[in-house]
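Okay, here's what each chain looks like letter by letter:
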Amino acid sequence: MTQLDPRCQMAWLAATLLVALGGGEGGLATAALLAAVTILTTRTTRGWLRLCAVLLPLVLLVALLDTLAGHPAAGLRTGARLVVLASIGYAFARSADGEALIAGLRAMRVPYPIVFVLVVGARFVPATAADLARLRDAARLRGLQLDGPPWRQLAGWRLLLVPLLVGTVRRGLQLGEAMEARALGAHPHRTVGRRLTWRRRDTLALAVAVISVGVILTWERWTGLHHSYVRW
Amino acid sequence: MPQFSGGRLAGELTVLGHDPTRMPPRELAAAGVGLLFQNPLEGFVAERVAGEVAFGPENLGLPPAEVEARVAAGLDAVGLTGFGERRLRHLSTGQQQRVALAAALALRPRLLLLDEPTAHLDEPTAREILALLARVRRDSGAAVLLSEHRLGIVAPLADRTLVLAGGRLLRDGHPRDVFADPSLPSHGIPVPRATRVALSLHLPPPLPLTPQEFAARVVSRRGPPDVLDVACLPGRSQESALAPLPPQGAGQGNGVALLCEDVSFAYPGTTVPAVSSVGFALRHGEVAALVGPSGAGKSTVSRLALGLLRPTSGQIALDGLPTHRTPFSALARVGGLVLQNPLLQLLAERVDDELLLGLRHLPLAQGRSRVEQLLETFRLGDLRARHPLSLSEGQRRRVALAAVLARRPTVLVLDEPTLGQDESQRDALVRLVRRAAAGGTAVLAISHDPEFVNDACDRVLVLRAGRLAADLPMSLAYTDPARLEAAGVGLAEVPAAALTLSRLGRPTLARYAPELMAALAP
């Protein structure tokens, strides 16, 4: 998967999300298969297992609530959908190369200010998470209760919001200054630095995704077997 | 680039012939103004080195071949040829700063503005970056305006020094002329320490700017100095006459505040341990520096010491409490942490509330009394009603330190406490740290600042690739500075001058300026 053209990777992700959200049992099975191929080919199995351990209580809760409401099958479907969606999202996020994605989006003629908003937004997630970890450490060492009963946690975490927000805004401003100080927006046309090459394997992977998704969705619609979240 | 910060501008300002109030920063950048920030990571846009360096030329809409040529030239200029496909986050801080410089150079600047570019770097790396900058300036012909606290390294490279005080231009001239003004320290303007000693010895011109120049001047001098003027000399900061701050849990660990025994740690999902077989003991009242290159494991050791991480193997006792089987709430009563960035540590809306925040375990009256004491000690009384985030950087650092010391920790960890601080702020910090230590608090300070390590610390622990490479007493700065230097500890200016004098055939022992003066006195 990591060897594919980024446009093909994004199409693969879109196809999997579409079939997971828009299909019934068959669509879900197809999405699971595509997700499994993604996880295996991106070598993210170990992280995926940890993700499943985190998701398990939520999946069980959803299944339990639907069962109590008299729809056990719907509960299982929802739980499975959750796992498939989270899995494909995780595998993609772990394996995607930011610069390749920029090149892919630019090749699809997405305006570069939008591309940079997306990329910079994605870069903020780990930086903010690191800030939060430091903030939490320092606060816990000053005796703030960030665990225990929920109301006590809420009171502790409320105090962390302002410095976290200030830190994030400050980082955003610094990054904005750094980008502008390097002439972002100075010229109406930005050079597309990385040339992408669409190979036969990209066509093959895209064909597998499109054909399997198209066939299963058409079949389900034709036979009336779909239970999708998305009306179409 | 006044549009970044806003405000009112009077007078005339011209940058490369342009009016920066009318020209957006992106156009100034395109016109040849390059900027370099303190922390390169905060300005990176791309994931890989080549993508980062190409960002500027791509913004100019240059043809791809020209972009590639500029990337290659930029990386060559900073000695990173072949690093193009490396991920930025996998580089050392020094390499990251080189990439940032290459990225600025790729825009072919005619004016480079640098905001403390070595603040996050250890001493040898800072020297490398500044030497590189001098070469770049020579090769490219660009003008360089650099703000910097590390005067001992940067002064000899500069053609001109502009001294600002209270928002006014106080001096403008060649560093040797500017620093020859004996009134600068009285204005709170730092002067390289070796230079100050030379001024006190009334060495004939030219004025030395580095310890090495100082030693050479002393050795070439004939006869004793005419006058010894020890006033205003830098030295070990006098500990405060006020009462020391005793830690509340002191004494539970048999004189040992922190004990690390054969500690190893690997982050989840990694195979290479971040810390391997590290062992040391820190006694009550001891101040130890933790030094080493970036990625050596300094932050990991400090987080392990406070119980924020549990060792994979080995044991840590914090004030006698084994961290692996003691509830964190108990460890938090004896451990304190002051972060590198105080913004991430200030949680309350008033300075006095900030200090009170960690004292919820005490009766309110007792907490308030302790806050009053700290406000006085840290000279924060006038600021008590201010929002901590509205204070200056130095004031915020004082508040953050006071808020942590309010809990009277047995072990205090400081992460780069002098980052971005000038000499007077550093001296104030040294006094406060020594005062906490005099009360029995053990201090572990991660620091790249040789002057702080020299002035504040009793010991230095050198980490390299996750292992404890050396554990040496700082008294070696007096008796055997060469041993510290060989262990990778950056020498402060006075021991460096003494070492150079010894190497030039004039054996000298000095850790602080008055000792150097005494050694050179007739």
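Keep in mind the model is a prediction, meaning the values are calculated, not measured.

**Considering the interface of chain B and chain A**
Next, step 1: If you look at the interface, chain B gives 55 residues, while chain A gives 41 residues.
Next, step 2: Here chain B packs against chain A, burying approximately 4500 Å² in sum over the two surfaces, 57% of which is carbon and sulfur.
Next, step 3: Counting the contacts that link chain B with chain A gives five salt bridges.
Next, step 4: The salt bridge involving Arg182(A) is made with Glu52(B); its shortest N-O contact spans 2.6 Å.

**Overview of the sheet that holds strand E12 (residues 411-415) of chain B**
Residues and elements named next belong to chain B.
Next, step 1: Ordered by their spatial adjacency, six strands build an open sheet running E11-E12-E13-E8-E14-E15, and the pairing between neighbours is mixed. Of all the strands in the sheet, the pair left with one neighbour each is strand E11 (335-338) and strand E15 (467-473). Across the sheet, the axes of successive neighbouring strands diverge by a mean angle of 20°, strand direction being ignored.
Next, step 2: Here strand E8 (residues 287-291) pairs with strand E13 (residues 442-446) via four bridges, running parallel. Looking at E13, one finds that Ala 289 is bridged to Ala 445.

**Considering helix H3 (residues 64-77) of chain B**
Residue and element names in this part refer to chain B.
Next, step 1: Taking 1.5 Å per residue as the helical rise, H3 with its 14 residues ought to reach 20 Å, and the 20 Å between its terminal C-alpha atoms agrees with that figure.
Next, step 2: When H3 is considered as a whole, its buried residues turn out to be Val 67, Arg 70, Val 71, Gly 74 and Leu 75. Each buried residue of H3 lies within a common arc of 125° when the element is viewed along its axis, so the set occupies one face. Pointing more than 90 degrees away from the buried face of H3 are the exposed residues Ala 65, Glu 68 and Asp 76.

**A closer look at unusual backbone geometry**
All names here are of chain B.
Next, step 1: The step from Pro 205 to Pro 206 runs through a cis peptide bond, and the omega angle for that step is 5°.
Next, step 2: If you trace the backbone, Pro 206 turns up in the loop between helix H8 (193-200) and helix H9 (211-220).
Next, step 3: Non-glycine residue Asp 319 carries a positive phi angle of around 50°.
Next, step 4: Within the secondary structure layout, Asp 319 lies in the loop between strand E9 (313-318) and strand E10 (321-322).
Next, step 5: A relative accessible area of 0% means that Asp 319 is categorised as buried.

**A few points about the domain arrangement of chain B**
Residue and element names in this part refer to chain B.
Next, step 1: Parsing chain B into structural domains produces domain 1 (32-148) and domain 2 (256-485).
Next, step 2: Relative placement of domain 1 and domain 2: their C-alpha centres are 33 Å apart.
Next, step 3: Taken together, the contacts link eight residues of domain 1 with eight residues of domain 2.
Next, step 4: The largest contributions to the domain 1 side of the interface with domain 2 come from His 120, Asp 122 and Glu 123, which together make up 56% of the buried area.
Next, step 5: In this structure, the connection of domain 1 to domain 2 is made through zero salt bridges.
Next, step 6: Counting across the domain 1 and domain 2 interface gives zero residue pairs in polar contact (both at pLDDT 80 or more).
Next, step 7: When its residues are assigned to classes, the side of domain 1 that touches domain 2 shows two nonpolar, three polar and three charged.

**Structural notes on the confidence of the model for chain A**
Next, step 1: Residue-level pLDDT values for chain A average 82, and 95% of them are 70 or greater.
Next, step 2: Helix H5 (residues 98-107) of chain A is the least confidently modelled element of chain A, averaging 79 in pLDDT, while helix H8 (residues 200-223) of chain A averages 87, the highest of any element.

**Some points on the nonpolar core**
Taken as a class, soluble globular proteins show a tendency for nonpolar side chains to be buried jointly.
Residue and element names in this part refer to chain B.
Next, step 1: By size, the foremost hydrophobic cluster in this structure holds 63 residues, and its most contacted members are Val 53, Val 99, Leu 101, Phe 179, Phe 214 and Leu 516.
Next, step 2: Contacts of Val 53, omitting those with residues within four sequence positions, involve Val 71, Leu 75, Val 99, Ala 102, Ala 103 and Ala 106.
Next, step 3: Grouped together as the second largest cluster of nonpolar side chains are 54 residues, Ala 402, Val 460, Met 474 and Leu 499 included.

**What to know about the pairing of E8(B)**
Residue and element names in this part refer to chain B.
Next, step 1: With five of its five residues buried, E8 lies for the most part within the structure.
Next, step 2: Of the two faces of E8, the one carrying Val 287, Ala 289 and Val 291 and the one carrying Ala 288 and Leu 290 are both buried.
Next, step 3: When E8 meets strand E14 (residues 459-464), the two strands line up parallel, connected through four bridges. When the bridges of E14 are listed, Leu 290 appears paired with Leu 461.

**Things to note about the packing of helix H1 (residues 6-22) of chain A against helix H2 (residues 25-41) of chain A**
Residue and element names in this part refer to chain A.
Next, step 1: Put simply, H1 and H2 touch, their axes get as near as 8 Å, and they point 150° apart. Judged on the interaxial angle alone, H2 and H1 are roughly antiparallel. Between H1 and H2 lies a crossing whose hand is left-handed. Contacts from Trp 12, Thr 16, Val 19 and Ala 20 of H1 reach H2 at Gly 27, Leu 28, Thr 30, Ala 31, Leu 34, Ala 35, Val 37 and Thr 38.
Next, step 2: Each residue belonging to the contact of H1 with H2 can be placed in one class, and the counts come to eight nonpolar, four polar and no charged.

**Digging into the confidence of the model for chain B**
Next, step 1: When pLDDT is averaged along chain B, the result is 87; 93% of the residues meet or exceed 70.
Next, step 2: Mean pLDDT per element in chain B: helix H6 (residues 151-154) of chain B is the minimum at 84, and E13(B) is the maximum at 96.

**Examining the environment of Gly394(B)**
All names here are of chain B.
Next, step 1: Along the chain, Gly 394 falls in helix H14 (residues 393-405).
Next, step 2: For Gly 394, a relative accessible area of 11% corresponds to the buried category.
Next, step 3: Each C-alpha atom of the pair Gly 394 and Pro 417 lies 10 Å from the other, and the pair is 23 residues apart in sequence.
Next, step 4: Dropping the residues within four chain positions of it, Gly 394 is found in contact with Gln 421 and Gln 425.

**Structural notes on the pairing of E15(B)**
It is a general feature of regular strands that their side chains alternate between the two faces of the sheet.
Residue and element names in this part refer to chain B.
Next, step 1: Relative to E15, E14 runs antiparallel, the two sharing six bridges. By the bridge assignment for E15, Arg 464 is matched with Arg 467.
Next, step 2: A loop of two residues connects E14 with E15, the two strands running antiparallel in sequence, and Ala 465 in this loop sits at a positive phi of about 50°.

**Examining helix H4 (residues 93-105) of chain B**
Residues and elements named next belong to chain B.
Next, step 1: Look at H4: 18 Å from first C-alpha to last across 13 residues, which is about the 18 Å you get at 1.5 Å a residue.
Next, step 2: Of the residues making up H4, those classed as buried are Thr 93, Gly 94, Gln 96, Gln 97, Arg 98, Val 99, Ala 100, Leu 101, Ala 102, Ala 103, Ala 104 and Leu 105.
Next, step 3: Taken together, the buried residues of H4 touch strand E1 (33-36), helix H2 (49-59), H3, strand E2 (111-115) and helix H5 (123-140).

Parameters at a glance
Sequence order sets the numbering: in each chain, residues are counted from 1 along the sequence as written. Both sets of labels track the order of writing: A upward for chains, 1 upward for ligands. Predicted model: local features are reported for residues with pLDDT of at least 70 only, side-chain atom pairs are reported and counted for 80 or more only, and whole-chain, interface and lining totals are derived from all residues. Based on all heavy atoms of the structure, the side-chain values leave hydrogens and waters out of the count. Pairs of residues are marked as contacts when any of their non-hydrogen atoms sit within 4.5 Å. A 1.4 Å probe defines the accessible area here, and the buried area is the portion of it lost by two parts on being joined, summed over both. Take a side-chain nitrogen of Lys or Arg and a carboxyl oxygen of Asp or Glu: if they are within 4 Å of each other, that pair is a salt bridge. Any two strands are treated as partners once DSSP identifies two or more bridges connecting them. The helix and strand labels rest on DSSP assignments: H or I over at least four residues marks a helix, E over at least two residues marks a strand, and numbering proceeds from the N terminus. As a rule, the C-alpha atoms of each element are fitted with a line to give its axis, helices using only the stretch in contact, and angles between N-to-C directions run from 0 to 180 degrees. Helix span, expected: 1.5 Å multiplied by one less than the number of residues in the helix. Whether a residue is buried, partly exposed or exposed follows from its accessible area with a 1.4 Å probe, protein chains only, as a fraction of its type maximum: under 20%, in between, or over 50%, in that order. Here the arc refers to the set of directions running from the helix axis out to each C-beta atom. The split into domains, and so the bounds of each, comes from an automatic or database assignment of domains. N or O atoms within 3.5 Å of each other form a polar contact, as long as, within protein, one can give a hydrogen and the other can take it, and as long as residues adjacent in sequence are counted only when both atoms are side-chain atoms. Think of it as three bins: nonpolar holds Ala, Val, Leu, Ile, Met, Phe, Trp, Tyr, Cys and Pro, charged holds Asp, Glu, Lys and Arg, and polar takes everything else, Gly as well. On a range of 0 to 100, pLDDT expresses the predictor's confidence in each residue. Put simply, a nonpolar core is a bunch of buried Ala, Val, Leu, Ile, Met, Phe, Trp, Tyr and Cys residues held in one set by side-chain atoms that sit within 4.5 Å of each other. Any angle that is under 35 degrees is reported as roughly parallel, and any over 145 degrees as roughly antiparallel; angles of 65 to 115 degrees are reported as roughly perpendicular and all others as oblique. Handedness of a crossing follows from how the near helix is turned relative to the far one, being left-handed for an anticlockwise turn of less than a right angle and right-handed for a clockwise one.

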